[in-house]
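Chain and residue survey
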Amino acid sequence: MRFVFVLIWLVVSCLSYAQEKRFLRKELSFTTDNDAFLLKKKDAYYTNGFYVQYRFADTTTTRKKVHALEIGQMIFTPLSKKEIITDIDRPYCGYLFTRYSQTIASKNDAVFQWHGTLGVIGSASLAEKLQNEYHKLLGFLRFKGWEYQVRNAIGLDAGISYAFTAFSFNDLFKIVPVAQANIGTTFTNTRIGMILSAGSFENNNSSILFNTRVNNGTLIPKKKTEIFLYAYPSITYQAYNATLQGGLLYKGAGAVLADPKPFVLEQRYGIAYAEERISTKLELIYQSKETDRQNRSQVYGSIQIGYRMF
């Protein structure tokens, strides 16, 4: 009899393990932003961003929870490449950071996220060196005014966001309001916007739209694939932006700085595709001037590729 119980336990354990194995709990993704994707002759403002994200679903709770670790770098430059102070219409700045975030999904299709970020601006961000290297590699002219970049400062920031489906029509179209707030020594701002999606998409708690396709078996994606178009208009109120104003606690000397415009408008247009293991998003982003000194608004592209695993 004891042998029978042991055999049953082994069979149940193996079945449970096999069931757990099929859940794709982890994801590694890469995101890159650049105005060069649009084949523009001008290279300016938010000129490059690169991010690596690792996500995994929590197995200790029945409520879906996604943990994420991220390393990223952002590079900002003026419109002109000349070494003339009066031509610097947007401060030179690099921002290198690491971030931990947690996304909590609910059954009513709402998504709540919070994050904490530790970063550095200035030459310590390695932005100047990186930009000069890839401009040399691609044959682009180098920016000559990096000596006037924002000075080194460490930043500590935190933020929250909340999104929910306000309207849905036959799983073919939905409207998702989004609210965000950030506070810290690098960025202090609030943003409100609305995502309009059309196509074949998952619930927010299992969608590439919010990078929540990883799962531990509590909320499994219902569809084998997602493919949809989306638009995301938003408005941001800037209370502080260290990439423009320098460090909140230390600004140093010799940098060309600028005051932020209180409100920045942004429009994102994208297409998203996801299957069992692979996800990708392509976006076109328009953003109004971040500071009155800017000669023009900016447009750039974004590419994200993710791969999920056991």
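Here the structure is shown first, and the text comes after it.
Let me sum up the structure you'll find in this document. (Residues numbered from 1 in each chain as written. Predicted model: local features only at pLDDT ≥ 70, side-chain atom pairs only at ≥ 80, totals over all residues. Heavy atoms only, no water.)

**Focus on the nonpolar core**
Inclusion rule: To form a nonpolar core, buried Ala, Val, Leu, Ile, Met, Phe, Trp, Tyr and Cys residues must be joined to one another through side-chain atoms within 4.5 Å. For every residue, the accessible area obtained with a 1.4 Å probe (protein chains only) is divided by the maximum for its type, and the residue is called buried under 20%, exposed over 50%, and partly exposed between those limits. The helix count covers DSSP runs of H or I at least four residues long, the strand count covers runs of E at least two residues long, and both are numbered beginning at the N terminus. Contacts are assigned to residue pairs that have any heavy atoms within 4.5 Å of one another.
Among the nonpolar cores identified, the biggest contains 15 residues, and Tyr 46, Met 74, Tyr 95 and Ile 121 are the most heavily contacted of them. Those elements that place two or more of their residues in this core are strand E2 (45-57), strand E3 (65-77) and strand E4 (93-105). If you tally residues by element for this core, the top one is E4, at 3 residues. Sequence-distant contacts of Met 74, defined by excluding residues within four places in its chain, comprise Tyr 46, Asn 48, Gly 49, Tyr 51, Cys 93, Gly 94, Tyr 95 and Phe 97. Within the second largest apolar cluster, 13 residues are counted, among which are Val 178, Phe 210, Ala 272 and Ala 274.

**Re unusual backbone geometry**
The phi angle at Leu 126 is positive, at roughly 65°, despite the residue not being glycine. Relative to the helices and strands, Leu 126 resides in the loop between strand E5 (111-121) and helix H2 (127-138). Within the chain, Asp 171 stands out as a residue other than glycine whose phi angle is a positive 55°.

**Side note on the pattern of salt bridges**
Here is the rule: By definition, a salt bridge exists where a carboxyl oxygen of Asp or Glu is found within 4 Å of a side-chain nitrogen of Lys or Arg.
One pass over the structure, following the stated rule, counts 9 salt bridges. Residue Glu 27 is joined to Arg 55 by a salt bridge in which the shortest nitrogen-to-oxygen separation is 2.7 Å. One end of the pair, Glu 27, is in strand E1 (residues 26-34); the other, Arg 55, is in strand E2, with 28 residues separating them in the sequence. With respect to class, Glu 27 is no different from Arg 55; both count as buried. Across the pair Glu 226 and Arg 213 runs a salt bridge, and its minimum N-O distance is 2.9 Å. Of the two residues, Glu 226 is situated in strand E10 (residues 226-241) and Arg 213 in the loop between strand E9 (187-200) and E10; the sequence distance between them amounts to 13 residues. By relative accessible area, which is 0% here, Glu 226 ends up buried.

**What to know about empty space enclosed by the protein**
Space left empty within the atom packing is revealed by a probe, the size of a water molecule, rolled over the atoms. The condition is simple: Any residue with an atom within 4 Å of a point lines the site, the site being either a cavity, points on a 1 Å grid over the protein atoms alone where a 1.4 Å probe fits but cannot get out, or a pocket, an open set with protein on both sides within 12 Å along at least 5 of 7 lines. Grid points are joined across faces, edges and corners, and a volume is the space filled by probe spheres set on the points.
One pass over the structure, following the stated rule, counts 3 cavities of 30 Å³ or more. Contributing to the lining of the second largest cavity are Glu 27, Ser 207, Ile 208, Asn 211, Thr 212, Arg 213, Ser 279, Gln 304, Gly 306 and Arg 308.

**A closer look at the pairing of E3**
Successive residues of a regular strand alternate their side chains across the two faces of the sheet. As a reminder of what qualifies: Strand pairing is defined by DSSP finding a minimum of two bridges between the two strands.
Within E3, 10 of the 13 residues are buried, which leaves the element mostly enclosed by the surrounding structure. In terms of strand pairing, E2 meets E3 through 12 bridges, oriented antiparallel. Bridge pairing links Gly 49 to Met 74 in E3. Bridge analysis of E3 against E4 gives 12 bridges, and the strand direction is antiparallel. Across the sheet, residue Met 74 finds its bridge partner in E4, namely Tyr 95.

**Quick word on the layout of surface pockets**
Our working rule: Under the convention adopted here, Pro, Cys and the residues Ala, Val, Leu, Ile, Met, Phe, Trp and Tyr are nonpolar, Asp, Glu, Lys and Arg are charged, and Gly plus all remaining residues are polar.
Roughly 240 Å³ of internal volume is contained in the largest pocket. In terms of lining residues, the largest pocket is bounded by 13 residues, among which Leu 24, Asn 215, Ile 220, Pro 221 and Glu 276 are the most central. Counted by class, the lining of the largest pocket contains 4 nonpolar, 1 polar and 8 charged residues.

**Side note on a nonpolar patch on the surface**
Test applied: Residues with no salt bridge and a relative accessible area higher than 30% make up the patches, which join like charges within 9 Å and nonpolar side chains (Val, Leu, Ile, Met, Phe, Trp, Tyr) within 5 Å. Here, Shrake-Rupley sampling with a 1.4 Å probe gives the accessible areas, and only protein chains in the shown set may cover a residue.
Together, Leu 28, Phe 30, Phe 50, Tyr 54 and Leu 69 line one region of the surface with nonpolar side chains, adding up to about 420 Å² of accessible area. Breaking the nonpolar patch down by element, the ones donating at least two residues are E1 and E2. Mapping Phe 30 onto the fold places it in strand E1.

**Concerning the packing of aromatic side chains**
What counts, and what does not: Here a pair means two rings of Phe, Tyr or Trp (six-membered ring of Trp) with centres within 6.5 Å. Their orientation is stacked below 30 degrees between planes, edge-to-face above 60, and tilted elsewhere. By definition here, charges over rings are those cases where NZ of Lys or CZ of Arg is within 6 Å of the ring centre and within 35 degrees of the ring normal.
Counted under the stated rule, the structure contains 14 aromatic pairs. Seen in terms of ring centroids, Tyr 92 and Trp 146 are 5.0 Å apart; in terms of plane orientation they differ by 55°. Their pairing is tilted. One end of the pair, Tyr 92, is in the loop between E3 and E4; the other, Trp 146, is in the loop between H2 and strand E6 (153-163), and 54 residues separate them in sequence. Among the residues examined, Tyr 92 registers a relative accessible area of 0% and is labelled buried. Residue Trp 146 is classed as buried on the basis of its relative accessible area of 2%. Both rings, one in Tyr 95 and one in Phe 187, keep their centres 5.6 Å apart while their planes meet at 80°; by these two values the pair is edge-to-face. Of this pair, Tyr 95 sits in strand E4 while Phe 187 sits in strand E9, and the two are 92 residues apart along the sequence. An aromatic cluster is built from Tyr 51, Tyr 95, Phe 97 and Phe 187, whose rings are joined through pairwise contacts. Here the basic side chain of Lys 223 rests over the ring of Phe 201, its NZ or CZ set 5.8 Å away from the ring centre. The ring of Phe 310 carries the charged tip of Arg 277 above its face, separated from the ring centre by 5.0 Å.

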